[in-house]
Every structure is written in structure tokens, then in C-alpha cells.
Amino acid sequence: MNLLRREAADILAEIAALRAADAPTHGGRVLSYVYDSGVAELDELAAGAARLMQPVNGLDPTTFTSVAAMEAGVVGFARRILHGESDGSDGAEVVVGSVTSGGTESCMLAVKAARDVWRAANRAGGAGDTRAPRLVAPTTAHAAFHKAAEYFGLRLDLVPVDPAGGAPEAAAVVDRLDDDVALVVLSAPSYPFAALDPIEEIAANCAERGIALHVDACIGGFALPFWPQRLRTWDLRLPGVTSLSADLHKYGYAPKGVSVLLTRGRDRQRHQYFATTGWPGYPVVNPTMAGSKPAGPLAAAWAIIHALGDSGFTELTGRSARATSVLRRAIDGIDGLRIVGEPVGPLLAVAADEGVAQELRVDPHHWADALRTAGWQLQLQPGMVQADGTTLPPTTHLTVTPVTESVAGELSGALVAAADAVRGVPPVDGAVLVAELAAGLPGGPAALAAASADLDSDAAADLLAAFGLLGGHAGTVALPARLAPVLALVETLPAPLTERLLVELLARVVEPGGSQASRPSR
Ligand SMILES: *Cc1c(COP(=O)(O)O)cnc(C)c1O
């Protein structure tokens, strides 16, 4: 009996048809989310490696010893390029590591381990401290740390950054340090503005006080070590850095699902693990959050590391660096726009130049929308007010990858043309937009005022539909062609309401029955 009632080729063709509607993952037209080496053989190699590992369960590296071998190889490479190798003769603790499913998991595990180290020292140690520990980080730290604080019960203490430079003052971070701080997080560089935080200064202080310091190099970890220009020291060379995350599915060019978390000191790292024999099944020992897990992304990363070696990474990073300079020069030459701060590495953020008259300014969100129409997808980032009242500007983000070099000239032209098309158009006024939308609601402005974060899912969907973001109850999501008004809503509506609406939007996208869902037939 042939179990398959449809030809494999036919099913794969259907997936290919679905994929055709996606944003293009290759070719350099999408400047976020995807990290295209531009080297087709590398993608083929990764696919081959992942395929070989497809049946394996990464849960148990003693049963599937290939997993142990490749994880050790990947951690070893990361530890070497991030300068965490030591023979112990300098008295430094050994750096160990884990391969995780991605940056968010690496960051979350760093927080979990630091919390448990802190608890061990402050509770079991006799201090009997029952406070929730604090996590100190600049406003620009990745949202994964908000998630970690929420999941693991830490108080998130955000330090405002300098709105012009995008990084915090070292002293402002050091001022927050006290004995309830379980972890300080700094970025190398930050995602929103590509700022390299003042890690050296803060690391020295943390080391002195025995406070853990995580360097989030999720985006920079496999690019900055090969960067052509000299950078300030930010990695494991600094003894105060107790953990560091680096994503292989970014500038390691691996398929999604692989990152590394390095930790200084075996004993510190053991707090990352979960183990139990307290059930009648197999003894569970998990270094990461998942139980059963794929080994494909690990194998793909391992294969890419072996194929490229340091010289390959250096060459690819050089391409990203040259493309970044070309784009920086192009943007520097555009009246009405400015690059935020001093970006480090292959990414940057662009804001309106407030130094010129309004009619000469280019709103970064209108600019991104004009670029989208021209076939280039840049990422819109909302402006926000920091705890000290200072404002971070709305920006547009560009993540530059090796493939960008091959389109850098074309893209530069598009950046200029899009700016010319929208120069002088004022930013969407969020307050006006919200008032208009509120007036159009069945219940009028009172309905919006009454809407709170504890909307039920139907009320949230109705609100999204009234805003034109969702087609009725069936849940057809239709993102508008222009995203500037959506960002204006994000900037203007109360954050808990926006967050609730976004949850609804994303949940409806995957609900069976929506027109976007492709239902397998019975
Ligand atoms: C991408 C990123 C993360 C989160 O990584 P995911 O792989 O998306 O989970 C964390 N920090 C920084 C700086 C990042 O760029």
C-alpha cells in the first residue's frame, strides 16, 4: 500500500508556492531578519548537514554522540574567536558553553543562571534575602531581557542611554549597582542603534564587586571578531564578563535555530542546567529550555564553521563592512536624515535630522515606506520616551549582510530617491491618527478610552478590524502597504493596549480558518 496519498513533489510545490509570497530571504532586498552570506554553496552545505542530522534527538548527546562532538566544536570555535581560551595558567576560570536554539534562548539562560547564582549566594548563603533580584541594562538591551525578567522573576532596571549616541554612560550603569543586582547586561552592539556599550569600564566595576555581567553579542558575536577596523575591547578578554551570547543564525550564516552561550566558570554555568530524577521516566538533564531538540541547526553551523574557517569569516565580514561604509556614505549625503550615534558593526539606524528645517527633514518611517514600494524592506523602529524623560527618536534600521555588497550601489540610489520622494512630509501625528480612529469606532472615543490591556480576544480583534489591520472575526490579517501609521499607533497608544493588540494580531494569523491558512484537505 502506498501510504502517501499525494505525490511528494506536489506537496513541495505547494510549499514553494506559499514561500513565493514571503519576503525574499536572499538577494539583499530585506535588511533585517535574514543574514545572507551570498554564497549558495554555503546554504547547500548547511542543508546537507541538517539533513544528515534530521532523525537525531539532540536531547541526549550520550546516545547521539555526534551531537556532543559538534557542540564541543562549535563552542570551541566561539570561545577562541571571542578570546575565552585560557590554559588556566593566568588563574582565569575556564570558559564553557552551550549551543541553544537562538539568541533569545541564550539570553534567557544567561539570566536564569545569573539569578540562580545570586539566589545561592544571597539565600542559601545565610543572608536569607527574599528580594526579587534586579537586572540592570540600558534601554537599548534586547527585548529578550524583558522576556527573561518576566519569565524568571527579576526586576528589570533600565538605564537611559544618551539619545544622541545610543549608549549609556558607564557611570550611570555603575550607579545602579548594589547587592540586589543579579546581572548587568550590555550589548556588543545593541540591535536598535548598533551602539557598542562601554563594556570595558563597567566590566572592571562588576568584577570588583562580584556582580555578573552578560555581554549580548547575539548580533555582533560572529562579525565583530573579524571586523576590519580596530574596536574597543568588549569580549571575554575582559575578566569581568561572566557570560556572552553570540548567534550562529545571524553572522554565522546558519539556518535559524542556533546560537551559543558562553559562560566563565564551570560552577556558574551549572546553574543554567535543569535536572531531575523525580519522576518515573528517564532522568532529565537539560542545559537549555527544550527537551527533545533538533540537531540540524547545530550541524549546519558546525559545517559552515569548518567550511569558512577564520579566513572565510574574515572575507564575508569584510563584504558586510564595505557595504556598511557604502550605505553610511550614501545616508550621510542625504539631506534631512542622520545616522544615530556611532554604529559599530554591520548595522545602523537612521533618524530624521532635527538640525534642519521641517520642510527639509526626511521622516525615517515615510522613507522606509517609500523604499518598501521600491522593493527594499528596511525595518521601522518606534520612538520612545526613556525613564528620565529623554526621547529616543523614531528610526529605520538596516542590518547589512555580505550579500548587501553586491547591491550596495543600487540600494544607495534607492535610499536617495526615497528620501527625495518624502522630504518635507511631516511624520504621522499619532495623536491625530488615534483621535480619528477613535471617532470612527462604533462606541466612539469612549470605547478606545475604555479599552485596556484586559480586552478579551473578540474585543481586541474588533479594535484591530476598526483600525484596518484585521479583516473581521475570521482573522485575515492585512498589513497595510504603509507602515508609518502603524508605528505611529505603537508610539501613541498605551503600551499595554498595543501589546495586547499585537498578541491578538499574531494569534489570529495562525488560527485555522483564516484565509491565509492553507488547510490540508481531509
Ligand atoms: C537577534 C538578537 C537577540 C535575540 O535573538 P533571536 O535569535 O532573535 O532570538 C538578542 N540580542 C541581540 C542584540 C540581537 O540582535
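Source: prediction; values computed, not measured.

Cut-offs applied
Residues numbered from 1 in each chain as written. Predicted model: local features only at pLDDT ≥ 70, side-chain atom pairs only at ≥ 80, totals over all residues. Heavy atoms only, no water. Disulfide = S-S within 2.5 Å. Buried < 20%, exposed > 50% of the residue type's maximum accessible area, 1.4 Å probe, protein only. Pairing = 2+ DSSP bridges. Helix = DSSP H or I, 4+ residues; strand = E, 2+ residues; numbered from the N terminus. Axes fitted to C-alpha atoms, helices over the stretch in contact; angles between N-to-C directions. Domains from an automatic or database assignment. Near = heavy atom within 4 Å. Polar contact = N/O pair within 3.5 Å; in protein donor to acceptor, adjacent residues only side chain to side chain. Areas by Shrake-Rupley, 256 points an atom, 1.4 Å probe, with all protein chains shown as cover. Contact = heavy atoms within 4.5 Å. Phe/Tyr/Trp six-rings, centres within 6.5 Å; stacked < 30°, edge-to-face > 60°. Lys NZ or Arg CZ within 6 Å of the ring centre and 35° of its normal. Parallel < 35°, antiparallel > 145°, perpendicular 65-115°, else oblique. Left-handed = near helix turned anticlockwise from the far one by under 90°. Nonpolar A, V, L, I, M, F, W, Y, C, P; charged D, E, K, R; others polar.

A.B. asks: Is there a simple way to think about the state of the cysteines in this case?
C.D. replies: Here is the idea: a disulfide is a covalent bond, and it sits between the sulfur atoms of two cysteines. Counting across every chain of the model gives 0 disulfides. Cysteine 218 supplies the cysteine sulfur nearest to cysteine 107, a cysteine that is in no disulfide, at a spacing of 3.8 Å. Its relative accessible area of 1% is what places cysteine 107 among the buried residues.

A.B. asks: Would you explain the sheet that holds strand 15 (residues 395-399) in this entry?
C.D. replies: Pairing within the open sheet is antiparallel, and its 4 strands lie in the order 10-11-15-12. In the strand order of this sheet, the two ends are held by strand 10 (337-339) and strand 12 (379-381), each with one partner. Shown here is a sheet whose adjacent strand axes are inclined to one another by a mean of 30 degrees, direction ignored. Bridge count for strand 12 against strand 15 is 3 bridges, and the pairing is antiparallel.

A.B. asks: Would you take a moment to explain the domain arrangement of the protein chain for this structure?
C.D. replies: Reports often express the size of an interface as the amount of accessible area lost when the parts come together. When its domains are assigned, the protein chain resolves into domain 1 (96-291) and domain 2 (430-510). Centre-to-centre separation of domain 1 and domain 2, based on C-alpha positions: 34 Å.

A.B. asks: For this particular structure, what's the right way to read the site of the ligand?
C.D. replies: Taken together, the residues surrounding the ligand are Gly102, Gly103, Thr104, His142, Tyr191, Asp216, Cys218, Ile219, Asp247, His249 and Lys250. Between the ligand and the protein, one listed contact pairs an oxygen atom with a side-chain N or O atom of threonine 104 at 2.5 Å. Relative to its unbound accessible surface of 380 Å², the ligand loses 85% to contact with the protein.

A.B. asks: Explain the environment of valine 326 here, please?
C.D. replies: Among the structural elements, valine 326 can be located in helix 9 (residues 296-332). Judged by its relative accessible area of 29%, valine 326 is partly exposed. Taking the C-alpha atoms as reference points, valine 326 and aspartate 162, 164 residues apart in sequence, are found 26 Å from one another. Those residues in contact with valine 326, other than ones at most four positions away along the chain, are Ala408 and Ser412.

A.B. asks: How should the side chain of serine 32 be read in this particular structure?
C.D. replies: Looking at the element boundaries, serine 32 is found in the loop between helix 1 (8-20) and helix 2 (40-52). For serine 32, a relative accessible area of 4% translates into the label buried. Sequence-distant contacts of serine 32, defined by excluding residues within four places in its chain, comprise Tyr191, Gln379 and Thr399.

A.B. asks: Could you clarify how one ought to interpret the packing of aromatic side chains in this entry?
C.D. replies: Throughout the structure, instances matching the rule amount to 9 aromatic pairs. Consider the rings of tyrosine 151 and phenylalanine 152, whose centres lie 6.4 Å apart with planes at 75 degrees: the pair is edge-to-face. Taking the centre distance of 5.3 Å and the plane angle of 80 degrees together, the rings of tryptophan 279 and tyrosine 282 count as edge-to-face. Taken together through their ring pairs, the aromatic side chains of Tyr35, Phe77, Phe222, Phe226, Tyr251, Tyr253 and Phe313 make up a single cluster. Across the ring face of tryptophan 376, the terminal group of arginine 29 is positioned such that the distance to the ring centre comes to 4.1 Å.

A.B. asks: Which parts of the structure should I look at to understand the packing of helix 10 (residues 364-373) against helix 11 (residues 404-422)?
C.D. replies: A pair of packed helices can be characterised by two numbers: the angle between their axes and the separation between those axes. Relative to each other, helix 10 and helix 11 sit at 120 degrees, their axes nearing to 9 Å. Relative to helix 11, the element helix 10 lies oblique. In the crossing of helix 10 with helix 11, the sense of the turn from one axis to the other is right-handed. Here His366, Trp367, Ala370 and Leu371 of helix 10 lie close against helix 11, whose contacting residues are Ala414, Leu415, Ala418, Ala419 and Val422. The class makeup of the residues in the contact of helix 10 with helix 11 is 8 nonpolar, 1 polar and no charged.

A.B. asks: Even after reading the chapter, I still don't get unusual backbone geometry, so can you show me in this structure?
C.D. replies: In this chain, alanine 188 is followed by proline 189 through a cis amide linkage whose omega measures -10 degrees. Looking at where proline 189 falls in the secondary structure, it is placed in the loop between strand 4 (181-187) and helix 7 (199-209). One non-glycine residue, tyrosine 33, lies in the positive phi region at around 70 degrees. Among the secondary structure elements, tyrosine 33 is positioned in the loop between helix 1 and helix 2. For tyrosine 33, a relative accessible area of 59% corresponds to the exposed category. Phi at alanine 194 is positive, roughly 60 degrees, even though this residue is not glycine. Relative to the elements of secondary structure, alanine 194 occurs in the loop between strand 4 and helix 7.

A.B. asks: Explain the sheet that holds strand 5 (residues 213-216) to me, please; I cannot follow it from the model alone.
C.D. replies: What links the strands of a sheet is backbone hydrogen bonding, and the strands pair in either a parallel or an antiparallel sense. If you trace the 7 strands from one edge of the open sheet to the other, you get 1-7-6-5-4-2-3, paired in mixed fashion. Both outer strands of the open sheet, strand 1 (95-100) and strand 3 (155-159), are each paired with one neighbouring strand and no more. The mean angle between the axes of side-by-side strands here comes to 20 degrees, regardless of whether they run parallel or antiparallel. Helix 3 (residues 65-81) rests against strand 1 and strand 7 (259-264) of the sheet, and its axis sits at about 120 degrees to strand 1. The sheet strands contacting helix 7 are strand 4 and strand 5, and the helix crosses strand 4 at an angle near 165 degrees.

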